[in-house]
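The chain contents come next:
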Amino acid sequence: MVKADIWTEGIADQKFLADVLKAWFGLSFQQYELGKAAVTFEYEDNSRRMKVRIRAAGTLNAFVSEKEWRKKKQDFFDNQSQGIKNLVFADADDDFDTRKANISQTILGVGFDAESELFLWPDHKPSNEKGDLERLLGQIIHPNHSGVFDCFDEYTTCINK
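Computed from a prediction, not measured in an experiment: that's the story for all the values here. (Residues numbered from 1 in each chain as written. Predicted model: local features only at pLDDT ≥ 70, side-chain atom pairs only at ≥ 80, totals over all residues. Heavy atoms only, no water.)

**Quick notes on the confidence of the model for the protein**
Item 1. Averaged over every residue, the pLDDT of the protein is 83; residues scoring 70 or more account for 92%.
Item 2. Least confident of the elements in the protein is helix 6 (residues 148-160), whose mean pLDDT is 71; most confident is strand 5 (residues 85-91), at 92. (pLDDT = per-residue confidence, 0-100. Helix = DSSP H or I, 4+ residues; strand = E, 2+ residues; numbered from the N terminus.)

**Some thoughts on helix 2 (residues 66-81)**
Item 1. A rise of 1.5 Å per residue sets the reference length of helix 2, with its 16 residues, at 22 Å; its end C-alpha atoms lie 22 Å apart and thus fit the reference within 8%.
Item 2. Taken as a whole, helix 2 carries its principal kink of about 40° at lysine 72.
Item 3. When we look at burial in helix 2, the residues that qualify are Glu68, Trp69, Lys72, Phe76 and Asn79.
Item 4. Turning to helix 2, the residues buried within the fold contact strand 1 (2-8), strand 4 (50-56), strand 5 and helix 3 (96-107).
Item 5. Within two residues after helix 2, glycine 83 carries a phi angle of roughly 75°, on the positive side. (Expected span 1.5 Å × (residues − 1). Bend = angle between axes of the 7 residues up to and from the residue. Buried < 20%, exposed > 50% of the residue type's maximum accessible area, 1.4 Å probe, protein only. Contact = heavy atoms within 4.5 Å.)

**A short note on the environment of proline 126**
Item 1. You can see proline 126 is positioned in the loop between strand 6 (118-121) and helix 5 (133-140).
Item 2. In this structure the C-alpha to C-alpha distance between proline 126 and alanine 92, which are 34 residues apart in sequence, comes to 8.7 Å.
Item 3. Ignoring sequence-local partners within four residues, the contact set of proline 126 consists of Phe96 and Asp97.

**Thoughts on the pairing of strand 1**
Item 1. Most of strand 1 sits out of view: 5 of its 7 residues are buried.
Item 2. For strand 1 and strand 4, the ladder comprises 7 bridges, and the chain directions are parallel. If you follow alanine 4 over to strand 4, its bridge partner there is valine 52.
Item 3. Across 5 bridges, strand 1 lies against strand 5 in parallel orientation. Residue threonine 8 lies in a different strand from strand 5, and its bridge partner there is phenylalanine 89. (Pairing = 2+ DSSP bridges.)

**Details of the pattern of salt bridges**
Item 1. According to the stated counting rule, one finds 10 salt bridges in the structure shown.
Item 2. Across the salt bridge formed by arginine 99 and aspartate 93, the nearest N and O atoms sit 3.5 Å from each other.
Item 3. A relative accessible area of 7% means that arginine 99 is categorised as buried.
Item 4. Residue class for aspartate 93 comes out partly exposed when judged on its relative accessible area of 32%.
Item 5. For glutamate 115, the salt bridge goes to lysine 100, with nearest N and O atoms at 3.0 Å. With a gap of 15 residues between them, glutamate 115 in helix 4 (residues 114-117) and lysine 100 in helix 3 connect regions that are remote in the sequence.
Item 6. Residue glutamate 115 is classed as exposed on the basis of its relative accessible area of 58%. (Salt bridge = Lys/Arg side-chain N within 4 Å of Asp/Glu carboxyl O.)

Written as structure tokens, this is what we have:
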């Protein structure tokens with residue numbers, strides 16, 4: 001059976017990825033609440049012989065901050081010992097190459113291969129643009145629904161205060 005944990009930075013990334021996998025591949029995820037801010041999306045299909053979980057690391061710095069990484073490191077080791085593949089989806093942020101190098105350096109030592117097990121939003125390519133899930137959503141949202149970004153901007157402004 002193929003087993004994988006897909007790690008994301010946050011819950012919005014999890015939800016988006018679960019929706020994409022459902023739309024493109026027909027995988028219907030069950031949502032389980034593990035805590036106030038942690039949710040796991042789980043898909044298991046014995047006929048396809050696969051089990052996939054989408055887990056939030058809980059912080060944007062989980063894969064680049066040594067302090068935050070220590071909180072997740074044991075989960076990666078446990079998965080590895082159980083034959084579960086660790087995949088990471090994270091924002092490219094301001095610089096694709098720098099972000100990839102920082103994540104690779106932090107996760108070094110748990111059998112993680114950044115070349116095949118890391119995907120940086122929005123398109124896993126170096127570019128001159130900043131890269132994150134929000135930018136990707138901005139590029140794919142239907143123009144009739146673009147007003148949602150006004151709400152998001154107001155929310156972000158409020159949170160920053």
